[in-house]
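Here is what each chain is made of, one letter per residue.
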Amino acid sequence: MTRSEAQKAADKKYAAKISGKYKPFIVNLTPEELAHIDGVIKASGMKKAEFLRWAVKQLEQQNNK
């Protein structure tokens, strides 16, 4: 399915808007680990980035006790 010119323009505008604001967090997992982790995160109702931010806060709270 090809993207329309309007969709391509919107993609370009969005890419320019977020340029430099985000960096990827890359991790290698086995397919089984990924499937399990994705399932747990989805069951919680979170997105992956939300989960990561939440997990970091939990670790920070544990380390500050």
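That block above? That's the structure.
Everything quoted here is computed from the prediction, not taken from an experiment. (Residues numbered from 1 in each chain as written. Predicted model: local features only at pLDDT ≥ 70, side-chain atom pairs only at ≥ 80, totals over all residues. Heavy atoms only, no water.)

Enquirer: Would you mind going over the pattern of salt bridges in detail, with residue names and values included?
Expert: Any two side chains of opposite charge can pair if their charged atoms end up close together. Scanning the model with the defined rule gives three salt bridges in all. Where E5 meets K8, a salt bridge forms, and the shortest distance between an N and an O atom there is 3.6 Å. One end of the pair is E5 and the other is K8, both in helix α1 (residues 5–18) and three residues apart, which spans about a single turn. On the accessibility criterion, E5 (60% relative accessible area) is exposed. By relative accessible area, which is 42% here, K8 ends up partly exposed. D38 is paired through a salt bridge with K48; the nearest N and O atoms lie 3.5 Å apart. (Salt bridge = Lys/Arg side-chain N within 4 Å of Asp/Glu carboxyl O. Helix = DSSP H or I, 4+ residues; strand = E, 2+ residues; numbered from the N terminus. Buried < 20%, exposed > 50% of the residue type's maximum accessible area, 1.4 Å probe, protein only.)

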